[in-house]
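Listed below are the residues making up each chain.
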2 protein chains.
Amino acid sequence: MENKHLPTDEVRWFALGGLGEIGMNMMVLECGEDLLLVDCGLMFPESYMLGIDLVLPDISAIADKVDRIRALVLTHGHEDHIGAIPYLLPALGFPPIYGSGLTLGLVRNKLREHDLIDSAHLHPVRMRETVRLGTFEVEFFRAAHSIVDGAGLAIRSPAGLIVHTGDFKIDNTPVDGERTDLSRLAALGDEGVDLLLSDSTNVERAGTTLSEQVVGEAFNEIMPRCKGLVLVSTFSSNIHRIQQAMDSARACGRSIILHGRSMEQNCAVARQLGYLQVPDDALCELRDLRNLDREKVAIITTGSQGEPLSALVRISHNDHKQIVLEHGDTVILSSKFIPGNEKAIANLINNLYRRGAEVVYETTSEIHVSGHAAQDELKTMLALTRPRHFVPIHGEYRHLVKHAQLARTMGLGVNEAFVMGNGMPLVLSREGVRLDDEVETGRVLVDGKGIGDVGALELRDRRHLANHGMVTAVLGVNSRSGEIVYGPELLTRGFVPEEDSRDYLEQAAAAVREVLTEHSLEAISDWEELRVEVRKALRRFFNRTIQRRPLIVPIIMEL
Amino acid sequence: MENKHLPTDEVRWFALGGLGEIGMNMMVLECGEDLLLVDCGLMFPESYMLGIDLVLPDISAIADKVDRIRALVLTHGHEDHIGAIPYLLPALGFPPIYGSGLTLGLVRNKLREHDLIDSAHLHPVRMRETVRLGTFEVEFFRAAHSIVDGAGLAIRSPAGLIVHTGDFKIDNTPVDGERTDLSRLAALGDEGVDLLLSDSTNVERAGTTLSEQVVGEAFNEIMPRCKGLVLVSTFSSNIHRIQQAMDSARACGRSIILHGRSMEQNCAVARQLGYLQVPDDALCELRDLRNLDREKVAIITTGSQGEPLSALVRISHNDHKQIVLEHGDTVILSSKFIPGNEKAIANLINNLYRRGAEVVYETTSEIHVSGHAAQDELKTMLALTRPRHFVPIHGEYRHLVKHAQLARTMGLGVNEAFVMGNGMPLVLSREGVRLDDEVETGRVLVDGKGIGDVGALELRDRRHLANHGMVTAVLGVNSRSGEIVYGPELLTRGFVPEEDSRDYLEQAAAAVREVLTEHSLEAISDWEELRVEVRKALRRFFNRTIQRRPLIVPIIMEL
């Protein structure tokens, strides 16, 4: 399909990320000459991606069409929807970016950090406002979520009306009164929705997700009873949560200290745009802490996921210069245990208890609610929009399957609800939908400054090194006679303690010499074969004696 | 306290493992000349313990007293209570082992595998039976748990009565009718319990843990509706769960195949001892599968934790020779998502869905219940035993703290309920309790055949290798002139792709030569200093150019 334009009355939709994983959301809509991108997020590394900082969607599938991108439209400001922008925007040709006020405020911070702010074009859009982007007309509507100023999209095209829910829940008592726009959704349903793309994250949960207000009530119940210092940790993007924490703290006569770079940055943006209300005299600096009464302070901080270098983890190890916990202090972890982080968070909680603090967390208290719709809300979305076709999005494979099953219970059959994956295009026309040939997708790993150079082979080697350590075997070989004149000298890391194992390593070296004498060096025709023999000899020795398989790196020096 | 015997009317109690972690349970009671050990378990490695197979409690604190060990008493057959036996029994001097029938059956299997069966002395004990072990009298009483034949202990000593709950729940409808012996506990409470040691695992959960029967009901509801093949995965030690799965399967006209070595072994022991009831004609072999109707078979298998090499994971990757999933098959994960394994299990579920199976798991179905008491049951235990003193056991730090808090709500004050850690002895006498000097405890890491040789340094190196890979720099130095005559030649693994990075690595080598020329080799007095300079030069280069920190191994060869 390269360089071939689609018919102008068809829309080709596919995901570059976000289907089959929770993260790196990015979608493409194609109609005639025009491309429209929805979201551009990153994913946090899986545990086997050793040493990797973050993961980006591979944009090869559209690399030769970037001049046709009319715009990048953003649903909301979470990392899995905007985090890849600084890395991909140049390669995408700096398309204009459309999104809500706070979303663009967060994007602006990222672009500044990466020195891209001068090349970018940001266009704030209000709720219920429509923008024309090439063949597409995109209307933003309010979607309540765990970040302020989230939106869903109603995308009108020659092929029909596509509704993208954004990340959403149906919260009837949101903190800022901004409910998910059910009346717009009902009206769109009346108009006729040809394709619904809906958030599958919480489809495993029965019923309805609790309202954000519940957490405010929990804060109001807990904080008045706290005697010493209070720390509240939450995601710095959850402005409503921070608002409620601040309100409760102030109601107890506590000043507020914001701690953590992203916490300070995000709150600054939110206050500037009017999303976070707190008077200046209610806020203090961290350095003031030692002059204040502990029971008159609440510190709002990051680190709720037990991230190794975070402030909260350092506090839990008594390793933070300014914040030292005492018996009677309270730490409120107002956040989810993100899958994969459970152990780190458990360790954090254990260590906070060791410091003498009382810890409040989601297992034992209603101190966090999800930002994603549960089964009943997902059914309500389907009922309001009554789509002709439905593709579950924003979930791992099982979430997408279960969301499609949910749709079946509401009458959408196998030709109407589709479980798709990244790179699987759906073509929408007035006649209906059809599948199209798969396009290239993938994950680009970022490690330090390197983007995409750590691949499967390097990860495999890192895993080998991680589990078994390494042994380097240095041999000096006389280049004329082929005789071994030096070594093998063995050096190890992460395998056995080098100090205590000299005898053992000498035995290993002897095993190598034995094998090489046997094989007779004349039979070995090149250095590569010699390396293979050395590796084999050592592998056998280590496996037999100690049942371990270190990564073996033979080094042959011609002398 | 070495070699000094305690007064004969005092009992010194301490834990070598199990307090501050869930795993490697092992306790010591000392009275006069006698030592009594309770349990001898292993712990599964934490995620930072790269390449480690399992973790054992360090027994240094009793190494010089093993001749005084009267017995090792076992509460039940889970790995965290018996798993360390094959590794520690010789060092402990092969003390006689007392436990229930099934517990000793599982121990026997382990001892056979490690060729220790001939040196061990195993003594089966019945419930409500008392055995005299030196100064101690130990009575076993039934404790319902997620393994058959579990027990708690009433230990009578000159200092008083100590009750150890074992791992327990108060299940009023257990599958085999064997309830936790509440009447014995009440009677012991009447007698006067001086010290209660109680299972803290589920203290974060309010209310009561559901009965095992609930899972049987779930099986009976789910299985009749299954069309194709049915796989049930659960822990091979949970005989009751396996019994219920078998009963449901047979009620649907399905034959049963047991799959997985530990599943086959444990079921064999359980059938032999009469704990598992299934007629021979209901069982089939895996090789028969291809000759049977899929909807007339249920396979009971291990692998519920997404363990990389397990049968279930291989099945989910379509990588199992005999078991191939088809659309319409059902996989029932009748097990807990053990903390730390959530991602592996999520991936397993996703992949099973990709194979076309429907998956039933604890998030969406009552297909698993815990084996540990929740808050109300823990309070009932305290109410029945009415102990003078209380030490929460079997939990991470937060569990122990919360269990002590629970006891406070029932009137046990700070001098009665103690949060202890491994190696912190409590001395019980007729007068009361006091704390004693801490003893040495620790974790011994097992990797392959090596026990205890992988320590903190090796783990740190493995982590470094895991996150950044490695670079070896080989230099040949003229031993007389100190000139570099060879290299530096750089080899890498897990860092950058060696193939595509020759230029980059040549730049790195050049950076080293530059630094060494500057520093002038006369100034470098020994090879260690040279290694340091090489490492520094490379570290700076890599950090500046690519912001990565591989483990650097300089190798200097004198030529």
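All values derive from a computational prediction rather than experimental measurement.

A. Focus on the packing of helix H10 (residues 375–385) of chain B against helix H11 (residues 397–408) of chain B. Residue and element names in this part refer to chain B. Close contact between H10 and H11 brings their axes to 10 Å; oriented N to C, the two are set at 60°. The angle between H10 and H11 falls in the class oblique. Crossing hand, H10 versus H11: right-handed. Touching Gln-375, Leu-378, Lys-379 and Leu-382 of H10 are His-403, Leu-406 and Ala-407, all from H11. Its residues assigned to classes, the contact of H10 with H11 shows 4 nonpolar, 2 polar and 1 charged.

B. Geometry of the packing of aromatic side chains. Within the structure shown, the criterion is met by 10 aromatic pairs over all chains. Here the aromatic rings of Phe-337 of chain A and Tyr-361 of chain A are separated by 6.3 Å at their centres, their planes lie at 25°, and the arrangement is stacked. Taken together, the positions of Phe-337 of chain A in the loop between strand E17 (330–333) and helix H9 (342–354) and Tyr-361 of chain A in the loop between strand E18 (358–360) and helix H10 (375–385) put the pair 24 residues apart, joining distant regions of the chain. This pair shows no difference in class: Phe-337 of chain A is buried, exactly as Tyr-361 of chain A is. Centroid distance Phe-495 of chain B to Phe-542 of chain B: 4.8 Å. Interplanar angle 70°. Geometry classified as edge-to-face. Here Phe-542 of chain B lies in helix H14 (residues 527–546) and Phe-495 of chain B lies in the loop between strand E25 (484–493) and helix H13 (502–519), a separation of 47 residues in the sequence. Note on Phe-495 of chain B: relative accessible area 0%, which makes it buried.

C. Structural context of the UniProt feature "active site" (unreviewed entry) in chain A. Residues and elements named next belong to chain A. Under the UniProt annotation, the feature "active site" (unreviewed entry) is placed at Asp-199 and His-372. Look at the named residues: they lie 174 residues apart in sequence, but the longest C-alpha span between them is just 7.5 Å, so in the fold they bunch up. Of the residues examined, Asp-199 reaches a relative accessible area of 0% and is grouped as buried. Leave out the neighbours within four places in its chain, and Asp-199 touches Thr-165, Gly-166, Asp-167, Phe-168, His-372, Leu-378, Ile-393, His-394 and His-403. Among the polar contacts listed, one links the side chain of Asp-199 to the side chain of Thr-201, at a separation of 2.7 Å. By secondary structure assignment, the location of His-372 is in the loop between E18 and H10. The contacts of His-372, once residues within four sequence positions are left out, are His-145, Asp-167, Phe-168, Lys-169, Asp-199, Thr-201, Asn-202, Thr-209 and His-394. There is a polar contact of 2.7 Å between the side chain of His-372 and the side chain of Asp-199.

D. Representation of the relation of the copies chain B and chain A in the model. The transformation that overlays chain B on chain A combines an axial shift of 0.1 Å with a rotation of 180°, and the residual RMSD is 0.1 Å. Here the two chains are linked by the operation of a two-fold rotation axis. Residues of chain B ranked by C-alpha distance from the rotation axis are headed by Ala-466 of chain B, positioned 2.3 Å from it. Taken as a fraction of all interface residues of chain B, those also at the interface in chain A reach 100%, which identifies the copy contact as same-surface.

E. Summary view of the interface of chain B and chain A. Between chain B and chain A, the contact holds 62 residues from the first and 62 residues from the second. Of the charged contacts in the structure, one is a salt bridge between Arg-548 of chain B and Asp-453 of chain A, with a shortest N-O distance of 2.6 Å. Mapped by element, the contributors of at least two residues to the side of chain B that touches chain A are helix H9 (342–354), strand E18 (358–360), H11, helix H12 (456–468), strand E24 (470–477), E25, H14 and strand E26 (551–558) of chain B. Here the side of chain B that touches chain A is composed, by residue class, of 26 nonpolar, 16 polar and 20 charged.

F. Seen up close, the side chain of Ser-370 of chain B. Residues and elements named next belong to chain B. Tracing the sequence through the fold places Ser-370 in the loop between E18 and H10. Residue classification places Ser-370 among the buried residues on the basis of a relative accessible area of 12%. A polar side-chain atom of Ser-370 sits 3.0 Å from a polar atom in the side chain of Asn-202. Excluding anything up to four places from it in sequence, Ser-370 contacts Lys-169, Asn-202, Arg-205 and Thr-209.

Rules of the game
Residues numbered from 1 in each chain as written. Chains lettered and ligands numbered in written order. Predicted model: local features only at pLDDT ≥ 70, side-chain atom pairs only at ≥ 80, totals over all residues. Heavy atoms only, no water. Axes fitted to C-alpha atoms, helices over the stretch in contact; angles between N-to-C directions. Helix = DSSP H or I, 4+ residues; strand = E, 2+ residues; numbered from the N terminus. Parallel < 35°, antiparallel > 145°, perpendicular 65-115°, else oblique. Left-handed = near helix turned anticlockwise from the far one by under 90°. Contact = heavy atoms within 4.5 Å. Nonpolar A, V, L, I, M, F, W, Y, C, P; charged D, E, K, R; others polar. Phe/Tyr/Trp six-rings, centres within 6.5 Å; stacked < 30°, edge-to-face > 60°. Buried < 20%, exposed > 50% of the residue type's maximum accessible area, 1.4 Å probe, protein only. UniProt positions renumbered as here; feature names shortened; annotations may be inferred. Polar contact = N/O pair within 3.5 Å; in protein donor to acceptor, adjacent residues only side chain to side chain. Least-squares fit on C-alpha atoms with pLDDT ≥ 70 in both. Salt bridge = Lys/Arg side-chain N within 4 Å of Asp/Glu carboxyl O.

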